[in-house]
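The residues making up each chain are set out below.
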Amino acid sequence: MIESSISFFIDILVLFGNNKVTNIFASNFFKKRLKVRFFGRQKELQRIKDFLNRPQTGAMLILGKRRVGKTTLIKKALEDSDITSVIYTCIPSDLNTNLLLLSKAVSTSLNFPEIGFSNIQSLFDFLNTLGKKIVIVLDEYQDMKKREDSLLIDALFRNCVDSLSENVRLILSGSSIRMMSKLNDSDNPLFGRFSDIMMLNELTAFEAAEFYPDATVRDKIFYYGIFGGMPNILQRIDEKLGVTKNIERLFLDTGAIAYSYAKSVVDVEVSPINDAFTILNSIGNGKKRYTELLSAINSEKGRSQLSRTLNTLVDSGILSKKKPINKDSRTSTFYEITSPCLRFYFAYLVNFEGYQGISSSTYYDEYISPSINTFVSYRFEDIVAQYFSKLSLSGKRSDILAIGSCWFENKRNGEYYSAIKTTSGYELYECKLLKNKAPKGLIEEEMRKAMNAEGINVAKFGVVSSSGFEEEVDGVVMIDGEELYNS
């Protein structure tokens with residue numbers, strides 16, 4: 001939020017202020033911003049490089065939620081390139097103001113005197129005549145359309161894309177997933193104009209772990225389960241301090257970046273959607289099925305529109321809609337908050353502002369510590385799912401057909417297991433986030449429960465224990481934390 005505000009301030013200075021002072025300030029600011037650690041994203045990095053180097057066939061669309069690392073990824077792709085780049089962050093103002101600021105950015109990047117353009121098409125017509133490789137990156141593209149006719153802006157850029165010469169590339173990037181994804185709808189003017197569309201998600205647990213390589217396996221699980229895979233937050237983790245102190249620093253202290261990020265998502269993206277806050281608050285407190293969420297809505301209108309609201313939250317990337325891989329019915333469908341950081345906010349920090357008179361350590365001890373192990377244990381299941389996905393994508397497990405959870409009924413109730421569907425049947429895995437090694441008795445008891453599952457072909461049963469095992473148990477696939485992170 002602070003960096004976004006300063007970036008906006010720089011745009012205003014460029015528009016109204018002294019150019020020399022502005023350029024020095026902006027240059028120093030952006031140099032500081034670029035000093036970040038970059039991990040993972042190798043496939044995404046290569047896709048952008050391929051787009052920049054191949055013959056022009058259209059624009060590129062990159063979408064992903066705020067602070068997920070879109071701009072950093074683009075800059076990394078351009079790092080060793082001979083292509084001239086103009087990265088402009090759109091502001092929620094009229095088109096003429098954005099055009100003026102973009103024109104200044106283009107002039108600066110090309111080392112030209114300031115050039116004024118009467119419209120966006122004349123700017124691209126000018127770039128087409130230069131005969132040198134240029135890429136224009138319009139970051140937060142959706143903000144340019146907030147005070148204009150949205151489809152008109154898209155139509156203007158459609159004409160620009162259609163007239164691009166071979167030397168000019170255009171990348172549109174934005175954090176409003178719902179708005180940006182509509183750019184490729186069949187009724188949008190930009191439909192069919194993108195040669196590549198990239199959805200940038202949070203880093204996986206294993207990519208995120210590169211930010212804290214010396215942490216114990218248990219701490220790695222906690223860091224991912226609480227902070228997720230947002231590079232902007234991960235680079236601020238100090239693994240020497242341990243999990244508790246990092247939670248206090250990044251969520252509970254004044255100006256804490258993880259708290260500020262989650263709060264901004266709530267204020268900007270969640271609050272405008274009717275009943276969205278109530279829904280996410282309910283999910284943060286353990287309710288995740290449709291019927292449970294329906295009971296949390298007070299108004300008749302809200303209940304009648306719940307399906308639409310949930311779909312909006314899913315389309316926005318805030319919620320994910322899931323079904324067990326062995327069931328396909330509405331009653332077995334459940335919803336989860338996509339971002340671990342946002343999950344943590346709704347589990348522990350919704351009313352945090354009312355407690356800011358007490359110390360962060362006291363708040364942690366009283367309101368977070370008693371249940372934090374349970375909270376992270378559910379996130380551990382996500383890490384296990386990512387582990388099997390890694391095996392499948394790398395070719396180490398070519399027999400995997402689906403990854404998720406299995407739901408089955410015993411005599412009195414139902415249970416979920418982490419599971420994979422394979423060519424031989426289902427493999428069920430019990431995930432145990434333990435401080436000590438899993439004892440043999442616990443494993444045998446879990447195996448008996450799983451093998452009694454009704455209506456499902458259990459090909460294998462396994463236990464994933466973060467801290468390993470006391471001894472081997474026949475007939476059980478045993479995976480420890482070290483194997484998760486080192487396979």
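The shown structure was predicted, so the numbers you read here are calculated from the model rather than taken from an experiment.

S.K.: Which parts of the structure should I look at to understand the overall build of the chain?
M.R.: In terms of helices and strands, the chain carries 23 helices and twelve strands. C-alpha extents for the chain along the principal axes are approximately 75 × 55 × 50 Å. Per-residue burial for the chain yields a buried fraction of 48% across its 487 residues. For the chain, long-range pairs separated by at least 24 residues make up 65% of all intrachain contacts whose partners lie at least 6 apart in sequence. Of the accessible surface of the chain, which amounts to about 23,100 Å², a share of 48% is contributed by carbon and sulfur atoms. For the chain, the distance from the average site of its 61 positive side-chain charges to the average site of its 59 negative ones is 2 Å.

S.K.: Would you explain the pattern of salt bridges in this entry?
M.R.: Oppositely charged side chains are able to pair whenever their charged atoms sit close together. Enumeration over the complete set of coordinates arrives at 22 salt bridges. Residue Glu353 pairs with Lys263 through a salt bridge whose shortest N-O separation is 3.8 Å. Taken together, the residues span a long stretch of sequence, with Glu353 in the loop between helix H19 (340-349) and helix H20 (360-368) and Lys263 in helix H14 (residues 257-270) at a distance of 90 residues. One salt bridge in this structure joins Arg397 and Glu427, with 2.9 Å as the shortest N-O distance. Taken together, the residues Arg397 in the loop between helix H21 (372-393) and strand E8 (400-409) and Glu427 in strand E10 (residues 425-432) connect sequence positions 30 residues apart. Overall, Arg397 belongs to the buried group, its relative accessible area being 18%. The class of Glu427 is buried, set by a relative accessible area of 3%.

S.K.: Help me understand the pairing of strand E3 (residues 134-139) in this model?
M.R.: The side chains of a regular strand alternate, residue by residue, between the two faces of the sheet. Of all six residues making up E3, six are buried, and the element is well covered by its neighbours. In this structure, E3 lies alongside strand E4 (residues 168-174), joined through five bridges in parallel fashion. Across the sheet, the residue bridging to Leu138 is Leu172, located in E4.

S.K.: Explain the environment of Ser107 to me, please; I cannot follow it from the model alone.
M.R.: Structurally, the position occupied by Ser107 is in helix H5 (residues 95-109). C-alpha separation for the pair Ser107 and Arg67, spaced 40 residues apart in sequence, amounts to 28 Å. Not counting the four nearest positions on each side in its chain, Ser107 is found in contact with Phe112, Pro113, Glu114 and Ile115.

S.K.: In this structure, what is going on with the nonpolar core? I would like to understand it.
M.R.: The nonpolar side chains of soluble globular proteins are, as a tendency, buried together. One finds Phe227 and Phe251 to be the most contacted residues of the largest nonpolar core, which totals 93 residues. In terms of residue count, H21 provides more of this core than any other element does, nine residues in total. If we skip the residues at most four places from it in the chain, Phe227 touches Ile233, Leu234, Ile237, Asn246, Ile247, Leu250, Phe251, Ala258, Pro340 and Cys341. Within the second largest apolar cluster, 36 residues are counted, among which are Leu101, Leu127, Ile134 and Phe157.

S.K.: I tried to follow H21 on my own but got confused; where do I start?
M.R.: Because each turn of an α-helix spans 3.6 residues, side chains separated by three or four positions in sequence point in the same direction. With 22 residues, H21 extends 31 Å from end C-alpha to end C-alpha; this agrees with the ideal 32 Å at 1.5 Å per step. Of all the residues in H21, the buried ones are Ile372, Phe375, Val376, Arg379, Phe380, Asp382, Ile383, Val384, Gln386, Tyr387, Phe388 and Leu391. Following H21 by one or two positions, Gly395 adopts a phi angle in the positive range, close to 90 degrees.

S.K.: What should I look at first to understand the packing of aromatic side chains in this one?
M.R.: Going through the model one piece at a time under the given rule, you end up with 23 aromatic pairs. Measuring from centroid to centroid gives 5.3 Å for Phe206 and Tyr485, while their planes differ by 75 degrees, and the two rings are edge-to-face. Note that Phe206 is positioned in helix H10 (residues 205-208) and Tyr485 in helix H23 (residues 481-486), a separation of 279 residues in sequence. Aromatic ring contacts, followed pair by pair, group Tyr259, Phe277, Tyr345, Phe346, Phe352, Tyr355, Tyr363 and Tyr367 into a single cluster. Residue placement shows Lys288 over the ring face of Phe334; its charged tip is 4.8 Å from the ring centre.

S.K.: So what exactly am I meant to see when it comes to the sheet that holds strand E2 (residues 84-89) here?
M.R.: Strands belonging to one sheet form pairs held by backbone hydrogen bonds; the direction of such a pair is parallel or antiparallel. Pairing is parallel in the open sheet, where five strands are placed in the order E2-E3-E4-E1-E5. With partners counted over all chains shown, the strands left at the sheet margins are E2 and strand E5 (194-199), one partner each. Neighbour to neighbour, the strand axes of the sheet diverge by 15 degrees on average, direction disregarded. Here E2 pairs with E3 via six bridges, running parallel. The residue bridging Thr84 from the neighbouring strand is Ile134, located in E3. Strand contacts of helix H4 (residues 70-78): strand E1 (59-63), E2, E3, E4 and E5, with the helix running at about 170 degrees to E2, the strand carrying the most contacts.

Conventions we followed
Residues numbered from 1 in each chain as written. Predicted model: local features only at pLDDT ≥ 70, side-chain atom pairs only at ≥ 80, totals over all residues. Heavy atoms only, no water. Helix = DSSP H or I, 4+ residues; strand = E, 2+ residues; numbered from the N terminus. Buried < 20%, exposed > 50% of the residue type's maximum accessible area, 1.4 Å probe, protein only. Contact = heavy atoms within 4.5 Å. Areas by Shrake-Rupley, 256 points an atom, 1.4 Å probe, with all protein chains shown as cover. Lys, Arg positive; Asp, Glu negative; His and termini not counted. Charge placed at Lys NZ, Arg CZ, Asp CG, Glu CD. Salt bridge = Lys/Arg side-chain N within 4 Å of Asp/Glu carboxyl O. Pairing = 2+ DSSP bridges. Core = buried A, V, L, I, M, F, W, Y, C linked by side-chain atoms within 4.5 Å. Expected span 1.5 Å × (residues − 1). Phe/Tyr/Trp six-rings, centres within 6.5 Å; stacked < 30°, edge-to-face > 60°. Lys NZ or Arg CZ within 6 Å of the ring centre and 35° of its normal. Axes fitted to C-alpha atoms, helices over the stretch in contact; angles between N-to-C directions.

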